[in-house]
Each structure stands twice: as C-alpha cells, then as structure tokens.
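Residue-level structural notes
Below, each chain spelled out in residue letters.
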2 protein chains.
Amino acid sequence: MMQAMGFDRILGGVCAPKGFLASGVSCGLKPDGRRDLAMVYSENTASAAAVFTTNQVKAAPVLLSRENVRGGTGRAVVVNSGNANAMTGERGMEDAAVMVAAAAESLGLPPEEVLVASTGPIGRYLDMDKLLGGIEQAAAELNPGGNTDAAKSIMTTDTYPKELAAEMEIGGEVVRIGAMAKGSGMIHPMLATMICVITTDVNLSPETMNGWLRQSVEWSFNRISVDGDRSTNDTVFMLANGSAHPGGYTMSREEESLLFRALCWLTGRLAMALVKDGEGSTKLLRIVVNGASSDEDAVRIARSIAGSNLVKCAFYGGIPGWGRIVAAAGASDVPVDLDNLSVFIGEYAVVQGGAPVETDPEDIARILAREEVEVTVEVGKGAGSAYFLTTDLTPRYVEFNASDKS
Amino acid sequence: MMQAMGFDRILGGVCAPKGFLASGVSCGLKPDGRRDLAMVYSENTASAAAVFTTNQVKAAPVLLSRENVRGGTGRAVVVNSGNANAMTGERGMEDAAVMVAAAAESLGLPPEEVLVASTGPIGRYLDMDKLLGGIEQAAAELNPGGNTDAAKSIMTTDTYPKELAAEMEIGGEVVRIGAMAKGSGMIHPMLATMICVITTDVNLSPETMNGWLRQSVEWSFNRISVDGDRSTNDTVFMLANGSAHPGGYTMSREEESLLFRALCWLTGRLAMALVKDGEGSTKLLRIVVNGASSDEDAVRIARSIAGSNLVKCAFYGGIPGWGRIVAAAGASDVPVDLDNLSVFIGEYAVVQGGAPVETDPEDIARILAREEVEVTVEVGKGAGSAYFLTTDLTPRYVEFNASDKS
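Note that the coordinates shown come from a computational prediction; the quantities given were computed from them, not determined experimentally.

The rules behind these values
- Residues numbered from 1 in each chain as written.
- Chains lettered and ligands numbered in written order.
- Predicted model: local features only at pLDDT ≥ 70, side-chain atom pairs only at ≥ 80, totals over all residues.
- Heavy atoms only, no water.
- Least-squares fit on C-alpha atoms with pLDDT ≥ 70 in both.
- Contact = heavy atoms within 4.5 Å.
- Phe/Tyr/Trp six-rings, centres within 6.5 Å; stacked < 30°, edge-to-face > 60°.
- Helix = DSSP H or I, 4+ residues; strand = E, 2+ residues; numbered from the N terminus.
- Buried < 20%, exposed > 50% of the residue type's maximum accessible area, 1.4 Å probe, protein only.
- Lys NZ or Arg CZ within 6 Å of the ring centre and 35° of its normal.
- Buried area = accessible area lost by both parts, 1.4 Å probe.
- Polar contact = N/O pair within 3.5 Å; in protein donor to acceptor, adjacent residues only side chain to side chain.
- Salt bridge = Lys/Arg side-chain N within 4 Å of Asp/Glu carboxyl O.
- Axes fitted to C-alpha atoms, helices over the stretch in contact; angles between N-to-C directions.
- Parallel < 35°, antiparallel > 145°, perpendicular 65-115°, else oblique.
- Left-handed = near helix turned anticlockwise from the far one by under 90°.
- Pairing = 2+ DSSP bridges.
- Expected span 1.5 Å × (residues − 1).

**A few points about the relation of the copies chain A and chain B**
- The transform that puts chain A on chain B rotates by 180° and translates by 0.0 Å along the axis, for an RMSD of 0.1 Å. Taken together, the rotation angle and the small translation identify this as a two-fold axis. Among all C-alpha atoms of chain A, that of P395 of chain A lies closest to the rotation axis, at 2.1 Å.
- Mapped onto chain B, 100% of the interface residues of chain A again fall at the interface, so both copies present the same surface.

**Section: the packing of aromatic side chains**
- This structure, assessed with the given rule, holds eight aromatic pairs over all chains.
- For the ring pair F7 of chain B and W265 of chain B, a centre distance of 5.4 Å and an interplane angle of 55° mean the geometry is tilted. Note that F7 of chain B is positioned in the loop between α1 (2-5) and β1 (8-10) and W265 of chain B in helix α7 (residues 253-276), a separation of 258 residues in sequence. One exposure class covers both F7 of chain B and W265 of chain B, and it is buried.
- Seen in terms of ring centroids, F52 of chain B and F237 of chain B are 6.1 Å apart; in terms of plane orientation they differ by 85°. Their pairing is edge-to-face. With a gap of 185 residues between them, F52 of chain B in strand β3 (residues 37-52) and F237 of chain B in strand β10 (residues 235-240) connect regions that are remote in the sequence. Like F237 of chain B, F52 of chain B is buried.
- We note R223 of chain A situated over the ring of Y387 of chain A; from NZ or CZ to the ring centre the distance is 5.8 Å.
- Lying over the aromatic face of Y125 of chain B, R91 of chain B brings its terminal NZ or CZ to 3.9 Å of the ring centre.

**Observations regarding the interface of chain A and chain B**
- Listed per partner, the contact involves 52 residues of chain A and 52 residues of chain B.
- Here chain A meets chain B over a buried area of about 4,300 Å², counting both sides, of which 62% is carbon and sulfur.
- Among the residues chain A hides against chain B, the three largest losses belong to Q56, M87 and L310 of chain A. Together they make up 17% of the total.
- Remark: the boundary between chain A and chain B carries 11 residue pairs in polar contact (both at pLDDT 80 or more).
- Those elements that provide at least two residues to the side of chain A that touches chain B are α9 (309-317), α10 (322-331), β14 (355-356) and α12 (395-401) of chain A.

**Looking at the pattern of salt bridges**
Residue and element names in this part refer to chain A.
- All told, the structure shown has 28 salt bridges over all chains when counted by the stated rule.
- Taking the shortest distance from any N to any O, the salt bridge between K130 and D127 comes out at 3.6 Å.
- On the accessibility criterion, K130 (37% relative accessible area) is partly exposed.
- Note on D127: relative accessible area 32%, which makes it partly exposed.

**Some words on the packing of helix α6 (residues 206-218) of chain B against α7 of chain B**
All names here are of chain B.
- Remark: α6 packs on α7, axes separated minimally by 9 Å, with the N-to-C direction vectors making an angle of 40°. Taken together, α6 and α7 sit at an angle that is classed as oblique. Where α6 crosses over α7, the two elements pack in a sense that is right-handed. Counting all contacts with α6, which are made through W212, L213, Q215 and S216, the residues of α7 involved are E256, L259, F260, L263, C264 and T267.

**A closer look at the sheet that holds strand β16 (residues 384-391) of chain B**
Residues and elements named next belong to chain B.
- Spatially, seven strands are ordered β9-β16-β11-β15-β12-β13-β14 in an open sheet, and the strand pairing comes out mixed. Of all strands in the sheet, those with a lone pairing partner are β9 (224-225) and β14 (355-356), marking the two edges.
- As judged from the four bridges shared by strand β12 (residues 342-345) and strand β15 (residues 372-378), these two strands associate in the antiparallel manner. Following the sheet pairing, I345 is matched in β15 by V375.
- Where helix α8 (residues 295-306) meets the sheet, it contacts β9, β11 (284-292), β15 and β16, and its direction lies at approximately 25° from that of β16.

**Concerning the sheet that holds strand β15 (residues 372-378) of chain A**
Residue and element names in this part refer to chain A.
- Strand order in this open sheet of seven strands is β9-β16-β11-β15-β12-β13-β14, and the pairing throughout is mixed. Where the open sheet ends on each side, the last strands, each with one partner, are β9 (224-225) and β14.
- Where strand β11 (residues 284-292) and strand β16 (residues 384-391) come together, seven bridges link them in antiparallel fashion. From the neighbouring strand, L285 faces β16, where its bridge partner is T390.
- Helix-sheet contacts for helix α8 (residues 295-306) involve β9, β11, β15 and β16, and the interaxial angle to β16 is about 25°.
- Each of β12 (342-345), β13 (348-352), β14 and β15 touches α10; the most contacted strand, β13, lies at about 55° to it.

**Focus on α8 of chain B**
All names here are of chain B.
- Between its first and last C-alpha, α8 extends 16 Å over 12 residues, near the 16 Å set by a 1.5 Å rise per residue.
- When we look at burial in α8, the residues that qualify are D297, A298, V299, I301, A302, I305 and A306.
- Where α8 is buried, its residues touch β9, β11, α9 (309-317), α10 (322-331), β15 and β16.

Here's what the structure looks like:
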C-alpha cells in the first residue's frame, strides 16, 4: 500500500533523512527522572518553517521561535518537557532566550538558527541549572541513531513515543522525510499540548515549506480534538537541509506532489496516533461530513460534532446517539437543511431526510463496540467534505484531569 | 432583600398572576407513570411572546409555535414531556398541529391562541391517543392552584419542579409575575432541553414583552451551560393578560423598569436552579469576566471558559486550574492581552499581569471545596463585563450520559 502511494515507510524518525542527528537526555525537569530534553540537529544549514498555536496566550518559547523562524533557516531544534515555560512573564522570555543562547553556543551556531519549544506544567519557572546542563549533554550526545531518545524526551502524558519516516526517489536519489510528535490535547492538569518536529533531506525554500506545512497541519493536527482546548505551546517545526542532493536539484511538479503527499501522510498518521493515545479514552471517533457547500463548512460541522460532550459520552456508552449528532450539526454556524440530512453509524443509515431510519439494534451495537467508529453526516448541499478525529468522553478522562498528580 | 428590590417573592408559580389557571396530568407518555402533560390557561386573551432555540434543527412544536406567536396573542400553553417530537418529519408537524387543535377545542379557543412545546427523547413519534386523552384531562382539571402539578409535568431529568413568582405594586394594584422551568442542558441521551413558561397579570404589548423577554433570556438562560449543546426544543413562553388592571393602565417608566427587573430576577433564579440541578454535577461555577472592551466580548470570554472541559474537570477535582482558565480565555476569539490579565479564584488573586501569584494552597483549597465557586477574570481593556454559570464535569455526568436508561 505504501508503494502504491509512491513512498515507503522506513525506520529512523527525525534521523532518517541524511544529515540529521538527534539526542534525548534526562536533566531533571521531570521529577521522576524520565528523559526531558530533546535535540535535533542538521549538519548543514536548513530551510526552516513552523506553525504555532492559535491560542492568544502563547508560551515564551513560542514567541521566541516565531521570531527566529522568520529568517527562514535553522540548524537545531531543542525541546524540553517537564515545564511549558508558559505564563512566566518577562522572566520566562529571558529563560527562553538563555535556552537558545546555550544551545547555540554548545553547537557553534548563531542563535537565530536555534528553534525551541517547551511542554509541561504551565506557570512555573524553568530550573535553568538543570536545563543548561541538559543542553550541554544533549549537544554532546547528538548521533544519527538518537531519534527514539529524542521522541521519548518530548513525551509528557503520552504512553509511547511517536515517530515515523518515509523514503522515496526524487531526482535519482533516495530522499527521506521523518518526524516525531507528542501530546494529543491539554489532557493533563496545566500541561501544554502538542509538539511535532519534521525533518527532510530535500532542498525546499522556506516559502514553499511554510505553505506545505500549514496545509498539512490543517489536514492533520487541526482535525483532532481530545478536549477541544488549544494549548499555549502547540508547535510544529520543519527543517529541510538538502543533503539528499549535494549538488542541488530542482524538483518537478510531480516530485513536489509526491513529497507533499508523504508529508501529509506523516502528519496525518501522527495526528491519529496522538488522538488514540488520548488519556482515558476507549474509542477513536472519525466524524466525516460530506455534501457541505464547501470544505470549510464541512470542517465546521465536523468540529461541532466532534466537540460535543453528549456525542462523546454516547459513544463511550455504546448508545446510538444520532439525535445528539444531528443536534450538534445543527448547533454549528453552518446552515443545515434538516430535510436533506442523513447520518450513518459505520455503514448503517440511522437518519435519512431528517427522520430516523429503522435499524436492527444488534447491527448498530456491533459497530459501536469497535475501537474505531466512523460517523458520516451527509448534508446534501454541495461537494464540500471534511473529517475530524476525536475520542469518546469517559469517567477516566474526568478523573485523570481532575487530578494534579498523574 | 426582596423588598429592597421593589418586589416580594410569593408562592404560586405560573398561577400567581390573576386570571391564570394550570394543571398537570399523567397521560402515559412517560413510561414510569409520572406526570407528563402541563397546561397553562389565561381567562382573558393575553399578549404572547416567545424565544426559541437557536439550533438550526428545530422540533415540530417549535416551528408551529413560532408561527402561532406571531399574532401576538395567546390564551393557552400546552407542554408535554416524555417525547420531544423532534426529528419526526412531516408526521411530527401534523402531530403538533393536532396537539394544538385538540387543546383549542377542549378550551374553546382559536388554534392561533394555543402555544405548544415538547420535551423528551428525540426521533420518536408522539403516541397521539395518549396525548389527546391527556389534553382533555388537563383542560378539565385547570384550576388556580395547579401550578406545581404543571411544573412537575414538564420535568424530564430534573430532580425537583422549578417555579417562582413575585408581586409588586403598580398603578395602585398588586401585580404579579410567575414562572415555571425545566431542564438544564441536553443532559439526557437524546432528550431535549429547557422549557420555561412565564405569566403576568400586567398589560403589556407583544412588542414590549418580546424585547424584554429576549433581553432577560440573554441574561439568564443564555448564560448557563451544562454541556454546551443547544437543544432542538428550547422554548420560553410569556403571557401577559392585564387582569391586574381590569380598567386598563399604562405603566410609568419606573414601573416598567420594576417589572422588567422582576422578570430578570425570575429568569435569572430559574436559570441558576437549572444549572444546579444539572445531572451529575457537584459544584456551581460562576465565571465572571470584567474589563473587556464590551459586554459582548466579556460574554464570549466567559462562555469559552465555562465551556472548557479541562476547567470543569479541574473544579471537580478541587485543583486550582488557573492555567486552564487562562488558556480557555486565550482560546476565545476576543483579543486578550496576557500582560493585563488577572484571575481570581473566590477572593484570591492567582494570576496577575499574566504571571502566577504565590498563594496559600490551603486558602485556595477552602474556596474550591465550596458548592459554589466564583472565578473572576479581569481583562484590563475596558468596562465590558458578563457572567456565565456552569457546573463541574464529573464521572457521574459521563456515566449518566452514556446510558440510555436513566
């Protein structure tokens, strides 16, 4: 199936592309001694692009990296877990700047080529002694097989490290793209959310990469919801160092399309992994909306359904909550024509023309017992479609988020 | 305190104003035999106004009553529980029309003077034999002390009937206003939400009453959230029959203001009662936003905080989730300046100027243990303010909404 897509899945995560090293160390920011500092480094200067949280309250490292990425080049990404450095005021900004400066010095780079991100509890100052020790150690330990250590070091409530890579042939050379990601939602008390780092050894202009990254994030990380809250720290970085074509190479339109598809595959799969690892959930819900006037309208309807606690509780309980699904569709700000509305749970129509359809309860129960349930809403207006991934809402989710300790 | 407001709380609910009768009977729509059909009747023709759900998916009785109320007069309100008559297509519209016609015939009224509402499971056809029997019985049992029977008959998952009334002196006469309400959110599987019926014996034009009703609903029922979902059936009716001033009377501006305040007191108190009776909740949260650029902005920020599952879980767990509160404020679409943001839990500042404030954990724990917790967010932009009422999110809420049986 991969080959049919024109690329193959390979191991190696962020280190799969040529010229990238990584490391992940424990410097004591996490009280339990787990790894908490990741570094990704490109041996050449790379094009850099980033997408940040749309929450108005942005953490210090987000504000700083947003400045640094404007230059369009980058060599290193440093991510700490165990502390989000968010809502830490001026001191937090200074700490983020020191974090950049220390990494730049350890790696012999100008500070503008260092991007940083932080994830963990909000509103606490970074322990800079520990952090600086960790940066020094991580720089010393950079190696071509450090990808999984790095992926582990960015974890917070994640139960396993998430990384993925693909290779394909472009311009007569094997080129690669790799990524690591963490976090699915603000699912931990005062913890900040999702971080993703993507590397590739193709040569890309910052402008092209920026456009691709925005689009692939829109189709992946912006289509998942565990609790509906956008965090203060959400960050996706991408570096492209051109190492696959040392003599330079300009991709054809077909090759660009292939690489873009591989990027979307990476981000889409990682986004799904983040949802599945959402704390306390028992089911993955895929909400598909077809027949909207536009894709944007379809997204809004799908988001409204995916964000409904009542829908999410129904799926936890294994009950066919189509009344809730229709009500949630109607509560979106997109005009919905009830007479043209159909709802499918799995392959079974439960609503057609706005009215319930007789179904065999056992058929529906069998679908609802699955770990992945697809709900399709046909709006009957046009050709716009979209999907949204979410989880069920469970008592364990509530207990988890009601505790400060986990 | 009531007298300082210019009016006194009295008993009698919707029957407190002169010339109103009510009844509540059991006709078998609820399987457990509880009362399920309420009727409120005015001995004179009354001005009528109504506010309906903003959900695009509107139940048949909503569509029909929206037409009937356009005439500006009404004599009777008929509400059944046990079945929402929502998503029932053309047959549902016909059933609603038969419900109106039957009540009109029983009461000797033109159908345009009958308003109807339904609440209960979505997507099931009404059992018209039972309903029509109930209408006949309810019409026969109308009496000046039937208010509590009526309030009981509109209950679904409510644990107690909710009614309230007040009296004041206007134009040398004692005038009264009364109300009953049910339901707090779409808290039951496929159950439709809130219904409120308000009566007064003052004479009001439909236009004035319509404006007042919209404003008072905006400040009360539109400021509560249990699960964030708007239902297909939300309805607020108001009838004003002028019986207090048989010879007619035109209120002064001060008297209008007094009556409007009494209306807002009724709707505000009933809205709070609905939130408190929200299934599975343990705490009432009052989110206050001050210092926004406008009241509308303040509402949007307050709604974003009140709608955050993470905030609601934190309060269930008794943890000071101010990081979540700030993130939720930042996730609203209203510009928020972090440097000017303060958050208070009860009377204690926990965030000032966007940074955490040292507090004694025991002080905060004492506040969080209360049944009613007030969170104040100061935005530091202008004079706009608003509040929103919500509940904590609990495992019991999830279990309740994951079950089809309760």
